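Listed below are the residues making up each chain.
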Amino acid sequence: MHPAIQGLITIVIGVGGCVGYFYFSNMLLDKVLFPAKGPHAGRNINRANMIRPWLFLFPALFVLGLYLTYPVIETLRLSLTDRVPGGGYTFVGLDNYAQMFGEPKFWEAMRNNMLWLVVVPAAATGFGLLAAQLTDRISWGNLAKSLIFMPMAISFVGAAVIWKLVYDARPIDQEQIGILNAVYLALGGAEPQQWLTIPFWNNFFLMAVLIWIQTGFAMVILSAALRGIPEETVEAAIVDGAGPFQIFFKIKVPQIMGTIVVVWTTITIIVLKIFDIVFAMTNGQWETQVLANYMYDKLFRANDWGVGSASAMVIMLLVTPILVWNVYNARKEMR
Amino acid sequence: MDNIAGKKSSLTWAVHISVALLVLLWLLPTIGLFVSSFRTADQISSTGWWKALFPTEQTLTLRTKTAEAQTQENGVYVIEGNIYEDDPAGEGKGEADITSWGISSRDVSAFAPGDTAELRGGGTLTLEASGAYRMESVEEFSGSRGQRVFVTAEVPPEFTLENYETVLLSGNATDSMAKAFFNTLTVTIPATIIPILIAAFAAYALAWMDFPGRALLIAFVVALLVVPLQLALIPLLKLHLGIGIGKGYLGVWLAHTGFGMPLAVYLLRNYMVGLPRDIIENARVDGATEFQIFVRIILPLSFPALASFAIFQFLWTWNDLLVAIVFLIDATGDTTVMTRQIVELLGTRGGNWEILATAAFVSIAVPLLVFFAMQKYLVRGLLAGSVK
């Protein structure tokens, strides 16, 4: 069967199944189990209303449980076991973690991830704030915004190709086709650089790609926050003789601090999971390894599920503070 | 900052210029790829893409007709023709006027158009700007090859659709994006539509139904928002292999549904909570069942949020690489998606920028279209998802 037809059938089954499930389960509840008539009508309505939310929730909860909750527990279990050749698992305690901590490649990935974690959210939020403030009051601001926002729609892999062309290097006697090297030579650089193979600094050239993508996101959200600032506070500052920079840093930024933190943490989470850019551009060579790519190497190239799961747990552990903070905020808000 | 007296004009200019610079900086990489996808392999490797927009000076090495073509006029041996037409290497360059030319590799621009050069073997050569030439000699021309001429010309910008033809229409499996394009579409559409309905029902329950444990469930969804999907790879692959789904479309649809679910529920719930309470309570008083309220009132009113999520999920599934390589693409590679295909090309054809750039642009084009057409909903969704 052609996959496209298979796809169509899946849509029909998926959507039809959903509608059918909700329709018939509600009918079953109202007409058969707890009919709203007869001697116990009142009690039946109450009971039906107690059960109904769970009918509505069941498919989503099932998917969430199976596809996100179960894997967390299962990965934890796998990280504590080793596969026995021929099938089955043995419990090995923290051996996988010990083995992983002994590998220099893991520490390289950790160091790089920390570097990404510091640089990318800061740079993307900073550029985003700058772009939001600058485009706020000019006539073609919306056009500028949508152009800066555009990389958001481009896949990490597409972005990797785009930036590989930017970083391309040719021998010195040929004309450069990578714009970075062309600019570098025009500014007096001695010879073209292979930007992606210079250890340590190449990390920053990879980060540039993610900053390029995420700045638009930061800009859109911060721009909305800037618009939400009450005019009176700004006007009062002007009356008191504040300059434009004072207004920006002392009046506007403190008022949108909450939003800045949200943007920052959202980008932080994306950074912790970063995989495609490194996978497509350097595949972790020349000391650019990151945790997610290290994990992929372990799981699918070395076929070592124990250590792979252990490194996945490390990513989970790094995400946990943000997870707790988000939940805390969400609960505070609901009260 | 409009109303800061005295500073307005200079500051406004500074703002305009810095925004222009910022936009240019953000656009340049993409424009580079876009321009490159319309250039031939030779053009890409000989000059930077930023020069493609302007005429370039190119030096070609061409040959005249061979001695066989000579005729005799008044006792003089003559070879006439057009240098562009007589040499296959000059094909298609005919529009470019010659600015200088030469007959020795040591001085390729010794002569101006219209000049006459003394040939080493005796005789003369006159070359016009259009490429027309005339060789004269009192002695018979000999030799099996024509006279070598170095021609320098301003070549106007030249673009081609050949790359798109290669990438989209050629049957070559390694270059072909056509199959990968349809595979990506096959992954994307069900993976976008199916989660919406499931999430909408759950979001309604979380927003408008009262039951014990509701707050806990919302916290649970918020927590799952940030769980890295890397954790899910091995356990779910094991599960899929165990229950017989294996690697394939069904698996990838289910996986995308699962991974998109927290955002879907969260976004839709946030939106539905903001709907006016009166409408829903009135409907309840009038005897509508919850199912009817949901289908007749909530779903139509939530259209903007549904559209936002649909765009997110579409962009995310279209651009995804990791989920596809783990859950979809098997050893045969029949089900390869575009992102995977591009990574393969990066490995095998890392130097062939014309193929790479075009392939990348084919995969980027659809999300960009969706992005520009539906930007309003995307922005609204982003705001609902992160700012509260």
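Treat the numbers as computed from the prediction; the structure is a model and nothing was measured. (Residues numbered from 1 in each chain as written. Chains lettered and ligands numbered in written order. Predicted model: local features only at pLDDT ≥ 70, side-chain atom pairs only at ≥ 80, totals over all residues.)

### Describing the overall build of chain B
What counts, and what does not: A run of DSSP states H or I qualifies as a helix once it reaches four residues; a run of E qualifies as a strand once it reaches two. Both are numbered from the N-terminal end. Our radius of gyration is a C-alpha quantity, and the globule rule it is checked against amounts to 2.2 Å times the number of residues to the power 0.38. Each residue is represented by a C-beta atom placed from its backbone, and any two residues with such atoms within 7 Å are regarded as in contact.
Helix and strand counts for chain B come out as 15 helices and 8 strands. For 388 residues, the compact-globule estimate of 2.2 N^0.38 gives 21 Å, and chain B exceeds it by more than 25% at 33 Å. The long-range fraction of contacts in chain B, counting pairs at least 24 apart against all pairs at least 6 apart in sequence, stands at 72%.

### What about the overall build of chain A?
Heads up, the condition is: Put simply, a residue is buried when 20 or more other C-beta atoms lie within 10 Å of its own C-beta and exposed when 12 or fewer do; between those, it is partly exposed, and each C-beta is set from the backbone.
When you go through chain A residue by residue, the secondary structure sums to 14 helices and 2 strands. Here chain A has a C-alpha radius of gyration of 27 Å; the compact-globule value for 335 residues is 20 Å, and the former is much larger. Structurally, chain A occupies a C-alpha span of about 90 × 75 × 45 Å along its principal axes. The buried share of chain A, taken over its 335 residues, is 42%. In chain A, the share of contacts with a sequence separation of at least 24, taken over all contacts with a separation of at least 6, comes to 65%.

### Examining the interface of chain B and chain A
Applied cut-off: The classification used treats Ala, Val, Leu, Ile, Met, Phe, Trp, Tyr, Cys and Pro as nonpolar, Asp, Glu, Lys and Arg as charged, and all other residues, Gly among them, as polar.
Of the residues lining the interface, 96 residues belong to chain B; the matching set on chain A comes to 94 residues. If one sorts the elements of the side of chain B that touches chain A by residue count, helix H1 (residues 8-36) of chain B sits on top with 15 residues. Split by residue class, the side of chain B that touches chain A holds 72 nonpolar, 20 polar and 4 charged.

### Some details on the domain arrangement of chain A
Residue and element names in this part refer to chain A. Which entries qualify depends on this criterion: How far each domain reaches was decided by an automatic or database domain assignment.
In terms of domains, chain A is made up of domain 1 (3-79) and domain 2 (98-334). For domain 1 and domain 2, the distance between their C-alpha centres works out to 39 Å. Listed per partner, the contact involves 5 residues of domain 1 and 7 residues of domain 2. Here the residues of the side of domain 1 that touches domain 2 are counted per class, giving 3 nonpolar, 2 polar and no charged.

### Quick look at unusual backbone geometry
Residues and elements named next belong to chain A. With a phi angle near 70 degrees, Phe 200 is a residue other than glycine that sits in the positive phi range. Examined against the element boundaries, Phe 200 turns out to sit in the loop between helix H7 (179-186) and helix H8 (201-227). One non-glycine residue with positive phi stands out, namely Glu 287, at about 60 degrees. Glu 287 sits in the partly exposed class, given 18 other C-beta atoms within 10 Å.

### Things to note about helix H13 (residues 338-348) of chain B
Quick reminder: α-helices carry 3.6 residues per turn. Residues three or four places apart thus point the same way. Within H13 of chain B, 8 of the 11 residues are buried, leaving the element largely enclosed by the surrounding structure. Three or more residues of H13 of chain B are buried, namely Met 338, Thr 339, Arg 340, Gln 341, Ile 342, Val 343, Leu 345 and Leu 346 of chain B. Next to the buried residues of H13 of chain B lie helix H6 (156-167) and helix H12 (276-281) of chain A together with helix H5 (178-208), helix H11 (303-319), helix H12 (322-327) and helix H14 (353-373) of chain B.

### Quick look at the pairing of strand E6 (residues 124-127) of chain B
Residues and elements named next belong to chain B. Which entries qualify depends on this criterion: Pairs of strands are assigned from DSSP output, requiring at least two bridges between the strands.
Of the two faces of E6, the one lined by Leu 125 and Leu 127 is fully buried and the one lined by Thr 124 and Thr 126 carries no buried residue. Inspection of the sheet shows strand E5 (residues 116-118) paired to E6 by 3 bridges, in the antiparallel sense. Looking at E6, one finds that Glu 118 is bridged to Thr 124. Hairpin remark: E5 followed by E6, antiparallel, with 5 residues in the connecting loop; positive phi at Gly 122, about 95 degrees. Of the pairings in the sheet, the one linking E6 to strand E7 (residues 132-137) comprises 4 bridges and is antiparallel in character. Bridge pairing in E7 places Thr 126 opposite Arg 134.

### Digging into the sheet that holds strand E2 (residues 71-73) of chain B
Residue and element names in this part refer to chain B. Using the following cut-off: A fitted line through C-alpha atoms serves as each axis, taken over the contacting stretch for helices, and the angle formed by two N-to-C directions is quoted from 0 to 180°.
Read from one edge of the open sheet, 5 strands run E2-E3-E7-E6-E5, paired in antiparallel fashion. What marks the edges here is a single partner per strand, and that holds for E2 and E5. Pairs of neighbouring strands in the sheet enclose a mean axial angle of 30 degrees, with direction left out of account. For E2 and strand E3 (residues 76-82), the ladder comprises 3 bridges, and the chain directions are antiparallel. The partner of Thr 71 across the bridge, within E3, is Val 78.

### Considering the nonpolar core
Just so we agree on the cut-off: For this analysis, nonpolar core means a set of buried Ala, Val, Leu, Ile, Met, Phe, Trp, Tyr and Cys residues linked through C-beta atoms within 7 Å.
Ranked by size, the top nonpolar core spans 182 residues in total, and within it Ile 277 of chain A together with Ala 199, Ala 202, Tyr 204, Val 265 and Leu 268 of chain B carry the most contacts. Here this core takes 18 residues from H5 of chain B, the largest share from any one element. Each residue touching Ile 277 of chain A, except ones within four places of it in the same chain, is listed here: Phe 156, Ala 159, Ala 160, Leu 206, Val 209 and Leu 210 of chain A. Among the nonpolar cores identified, the runner-up in size contains 17 residues, and Ile 79, Ile 83, Tyr 84 and Ile 98 of chain B belong to it.

### Quick word on H14 of chain B
Threshold: Helix span, expected: 1.5 Å multiplied by one less than the number of residues in the helix. Here the bend at a residue means the angle between the axes of two seven-residue stretches, the one that ends at it and the one that starts at it.
Across its 21 residues, H14 of chain B extends 29 Å between first and last C-alpha, which sits within 8% of the 30 Å expected from 1.5 Å per residue. Where H14 of chain B bends most, at Ile 364 of chain B, the angle is about 30 degrees, and the proline Pro 367 of chain B comes one to four residues later.

### Remarks on the confidence of the model for chain A
Where we set the bar: Per-residue confidence from the predictor is reported as pLDDT, which spans 0 to 100.
On average, residues of chain A carry a pLDDT of 83, and 97% of them reach 70 or more. In the model of chain A, strand E2 (residues 89-91) of chain A stands out as the element of lowest mean pLDDT, 76, in contrast to helix H4 (residues 104-135) of chain A, which has the highest, 89.

### Thoughts on the environment of Thr 66 of chain B
All names here are of chain B. With respect to the helices and strands, Thr 66 occurs in the loop between strand E1 (56-63) and E2. Exposure remark for Thr 66: the 16 C-beta atoms within 10 Å place this residue in the partly exposed category. The spatial distance from the C-alpha of Thr 66 to the C-alpha of Ala 14 is 64 Å, given a sequence separation of 52 residues. Apart from the residues within four sequence positions on either side, Thr 66 is in contact with Ser 144, Arg 145 and Gly 146.

### What about the environment of Thr 90 of chain A?
All names here are of chain A. Its place among the elements puts Thr 90 in strand E2. Put simply, Thr 90 and Ile 73 are 17 residues apart on the chain and 17 Å apart in space, counted from C-alpha to C-alpha. Not counting residues up to four positions away in its chain, the partners in contact with Thr 90 are Thr 81, Asp 82 and Val 84.

### Quick word on the packing of H5 of chain B against H11 of chain B
Residue and element names in this part refer to chain B. Which entries qualify depends on this criterion: Crossing handedness is read from the near helix: turned anticlockwise from the far helix by less than a right angle, it gives a left-handed crossing, and turned clockwise, a right-handed one.
Running from N to C, H5 and H11 point in directions that differ by 145 degrees, and their axes come no closer than 9 Å. By crossing handedness, the relation of H5 to H11 is classed as right-handed. Every residue of H11 that contacts H5 at Thr 184, Val 187, Thr 188, Ala 191, Thr 192, Pro 195, Ile 196 and Ala 200 is listed here: Leu 306, Phe 309, Ala 310, Gln 313, Phe 314, Thr 317 and Trp 318. Looking at side-chain class alone, the contact of H5 with H11 contains 10 nonpolar, 5 polar and no charged residues.

### Observations regarding the confidence of the model for chain B
Residues and elements named next belong to chain B. Summary statistics for chain B give a mean pLDDT of 80 and a share of 92% for residues scoring 70 or more. Highest mean pLDDT in chain B belongs to H11 (88); lowest belongs to helix H2 (residues 41-46) (73). Per-residue pLDDT stays below 50 along residues 1-7; that stretch engages in 9 contacts with residues further than four places along the chain or on separate chains. Two summary scores accompany this predicted model of the complex, namely pTM at 0.81 and ipTM at 0.83.

### A word on the environment of Gly 274 of chain B
Residues and elements named next belong to chain B. With respect to the helices and strands, the residue Gly 274 is situated in the loop between helix H8 (249-273) and helix H9 (277-285). Residue class for Gly 274 comes out partly exposed when judged on the 13 C-beta atoms lying within 10 Å of it. It is 9.0 Å that separates the C-alpha atoms of Gly 274 and Ala 207, two residues lying 67 residues apart in sequence.

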